[in-house]
Amino acid sequence: MPLFIPEDYTAKLAPETMEQAITYLKEIFPDMLARRLRLRRVTAPLFVLSGTGINDDLNGVERAVSFPIRDLGDRRAEVVHSLAKWKRMKLGTYKIAPGYGLYTDMNAIRADEELDNIHSLYVDQWDWERTMRPEERNLNFLKAIVETIYEAMKAVEEEVYELYPHITPILPERITFLQAEELLQEFPALTPKEREQAAARKYGALFLIGIGGELSDGQRHDGRAPDYDDWSTPTEGGYKGLNGDIIVWNPVLESAFELSSMGIRVDAEALERQLAICGCPERREMEFHRLLLEGRLPLSIGGGIGQSRLCMFYLRCAHIGEVQVSIWPERMIAECAAHGIYLK
């Protein structure tokens, strides 16, 4: 999206107070999440070896930042995009029982991002993953986990209000569940992003289900790689997909605002199906994919929650550069400064 400057914008907190608030949020939110989902913290890699299939492809077109390793004969490593597959492997390594899981502070570089109010070269998120049972691979279980996460989001919003009473809570009491296909039928003349905009404005907070699979108009709502989220398994009502995004209405930016992408992960059947749909069956030979197809990885559900995105939302910031340090175009820095928005 192009740079958006809110009319008469004023930061809610002074710079020093903003730093304190960010530190506080990054302490209490993961603790709240871990307690409610029964997660334990683990350390995470900044990079993985290329060619193993462990790194995520996101929409399938982003290039990973990579470099040669001298002591490995110049074998290449690449900075992670996210840790969906790595986390699932760790669940198996640590033999974490169903109903329990792990989370980590994930830091990444996404060099192909189009820089704007909410997109940065630097990505920081809480990546989490939880072991599940076969009978839990259904929409009801997915929705229950989403509601638990949303309750944590609301609880932290109340904490922010207690500290800074001029930042009043805006999240609705309940999160609304919508299928991507339902959204298409309701707003057939709109683009996917315009449909999200309309739904976020209407509901305040929604979980959009089934992102990645082809809809009735022959298009996808948004891209998803074929080998982590399950976006193809049939569900009740004739829909497909066991994944989705948590999206809220951001009154500062006057737009839909994605806070989390998550889902039930592919089992062997869904992986085979999605690799075929995406025309990349050769990935079956990669390390992660072989482990999954051989039944050596646990079933899981997981996702990522943007740390800077969440801080930006809670503190009513107009630009992600107000809560994180990154690199910005000089023109963007100057335009933001002219309107009282100072990027780190």
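Now for a description of the structure that goes with this document.

Quick notes on the rules
- Residues numbered from 1 in each chain as written.
- Predicted model: local features only at pLDDT ≥ 70, side-chain atom pairs only at ≥ 80, totals over all residues.
- Heavy atoms only, no water.
- Pairing = 2+ DSSP bridges.
- Helix = DSSP H or I, 4+ residues; strand = E, 2+ residues; numbered from the N terminus.
- Axes fitted to C-alpha atoms, helices over the stretch in contact; angles between N-to-C directions.
- Contact = heavy atoms within 4.5 Å.
- Salt bridge = Lys/Arg side-chain N within 4 Å of Asp/Glu carboxyl O.
- Buried < 20%, exposed > 50% of the residue type's maximum accessible area, 1.4 Å probe, protein only.

Looking at the sheet that holds strand β11 (residues 300-306)
- Sheet architecture is open: eight strands sit in the order β1-β5-β6-β11-β10-β9-β8-β7, paired in mixed fashion. Edge strands, defined here as strands with exactly one partner in the open sheet, are β1 (39-41) and β7 (176-179). Across the sheet, the mean angle separating the axes of adjacent strands is 30° when strand polarity is ignored.
- The pairing of β7 with strand β8 (residues 205-209) spans four bridges and is classified as parallel. The partner of Thr176 across the bridge, within β8, is Leu206.
- Seen against the sheet, helix α1 (residues 15-37) touches β1, β5 (101-109), β6 (122-131) and β11 and runs at an angle of roughly 15° to β6.
- Along the sheet face, helix α8 (residues 307-314) touches β5, β6, β9 (243-250), β10 (255-264) and β11 and points at about 140° away from the line of β10.

Quick word on the pattern of salt bridges
- What the rule picks out here adds up to 24 salt bridges.
- Of the charged contacts, one joins Arg137 and Asp230 as a salt bridge, the two residues approaching to 2.8 Å between their closest N and O atoms. Of this pair, Arg137 sits in the loop between β6 and α3 (139-163) while Asp230 sits in the loop between β8 and β9, and the two are 93 residues apart along the sequence. For the pair formed by Arg137 and Asp230, the shared burial category is buried.
- Between Glu157 and Arg316 there is a salt bridge, with the nearest N and O atoms lying 3.5 Å from each other. Of the two residues, Glu157 is situated in helix α3 and Arg316 in the loop between α8 and α9 (330-338); the sequence distance between them amounts to 159 residues. Summarising the burial analysis for this pair, Glu157 and Arg316 share the class buried.
- A cluster of three or more residues bridged by salt bridges with shared partners is formed by Lys87, Asp127, Glu129, Asp229 and Arg265.

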